[in-house]
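Chain by chain, the residues:
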Amino acid sequence: MTPTPPVIAFHGIGLTYPGPPPVTALRPCSLTVRPGEFITVVGPSGSGKSTFLHVAGLLDSPTEGRYLLDGIDTGTLNDAERTALRGRRIGFVFQSFHLLPHRSATENVTLAMLYTGVPPRQRRDRAREALIRVGLGHRLDAAPTRLSGGERQRVAIARALVGRPSLLLCDEPTGNLDTATASSVLALLGELHAEGMTVVVITHDPHVAARGERTVTIRDGQLSVPGPAAQEARP
């Protein structure tokens, strides 16, 4: 039986923005994230966390190294192929929710499937299923303006899940939430991980970071993975 490839495999991945002068945002690094892992990524402001997110999420292309997502060499893809792969394989959760205020929760989640090839008749059913999964079965028709911060983040998580991705990539998902609400959102991420979802959470909060199975640190663009997990990814 062929082994399942890592969800994320960085092989000497680095990103330098052209100058003058050139700016190295992510120094060459290697990292493996296996299916079903819960990884947290921490570092101070300006450390390179956003760059890591953009590279892992196929929003930016590295300037060196190889990035394999689910075994697919992303460096061989053109822009359209990268966009399609991102839409199929990665679900994003951001700090600021990014919901359309005058659309219902169901409509916000449905819109995430607009370019995924899901037939129109199935989109609404899948959106409702995703919202029920995150505990919002009673708020399907509510607009974001009538939802609490925690509920809005749950809509955002449902939107990320509805495409059935292999990777849930979260950028400061509790940054706009109070402590109690943040705990409930983290508990939901923990449930999704327990069900087999691969979760990567980028955070500056040590309490959030502690929820992961292991923690990757970024400082001055340098990725550091302590302990046995520091082994470099192998092509």
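Computed from a predicted structure; not experimentally measured. (Residues numbered from 1 in each chain as written. Predicted model: local features only at pLDDT ≥ 70, side-chain atom pairs only at ≥ 80, totals over all residues. Heavy atoms only, no water.)

**Student:** Let's hear about the sheet that holds strand β3 (residues 38-42): which residues, and what values?
**Tutor:** Within the open sheet, the 6 strands sit side by side as β6-β7-β8-β3-β9-β10. Their pairing is mixed. Only two strands of the sheet have a single neighbouring strand rather than two, namely β6 (90-94) and β10 (222-224). Averaged over all pairs of adjacent strands, the angle between strand axes in this sheet comes to 20°, irrespective of strand direction. In the sheet, β3 pairs with strand β9 (residues 214-219) via 4 bridges, with the strands oriented parallel. (Pairing = 2+ DSSP bridges. Helix = DSSP H or I, 4+ residues; strand = E, 2+ residues; numbered from the N terminus. Axes fitted to C-alpha atoms, helices over the stretch in contact; angles between N-to-C directions.)

**Student:** Explain the packing of helix α5 (residues 149-161) against helix α6 (residues 179-194) to me, using residue names and the numbers behind them.
**Tutor:** Contact geometry of α5 with α6 gives a least axis separation of 10 Å together with a crossing angle of 20°. It follows that α5 is roughly parallel to α6 by the angle criterion. In terms of crossing hand, the pair formed by α5 and α6 is right-handed. Residue-level contacts link G150, Q153, R154, I157 and L161 of α5 to T181, S184, V185, L188, L189 and L192 of α6. Partitioning the contact of α5 with α6 into residue classes produces 6 nonpolar, 4 polar and 1 charged. (Parallel < 35°, antiparallel > 145°, perpendicular 65-115°, else oblique. Left-handed = near helix turned anticlockwise from the far one by under 90°. Contact = heavy atoms within 4.5 Å. Nonpolar A, V, L, I, M, F, W, Y, C, P; charged D, E, K, R; others polar.)

**Student:** Let's hear about the sheet that holds strand β1 (residues 8-17): which residues, and what values?
**Tutor:** Spatially, the 4 strands line up as an open sheet ordered β2-β1-β4-β5, and their pairing is antiparallel. On the outer flanks of this sheet lie β2 (23-33) and β5 (72-73), each paired with one strand and no other. Sheet topology note: the β1/strand β4 (residues 64-69) ladder contains 5 bridges and is antiparallel. What sits directly across from G14, in β4, is E64. The strands touched by helix α1 (residues 49-56) within the sheet are β1, β2 and β4, with β1 carrying the most contacts at an inclination of about 120°.

**Student:** I'd like to hear about the pairing of β4, residue by residue, with values.
**Tutor:** Two elements, β4 and β5, share 2 bridges in a ladder whose sense is antiparallel. Residue pairing across strands places L69 opposite I72, the latter belonging to β5. What sits between β4 and β5 in their antiparallel hairpin is a turn of 2 residues, with D70 showing a positive phi close to 55°.

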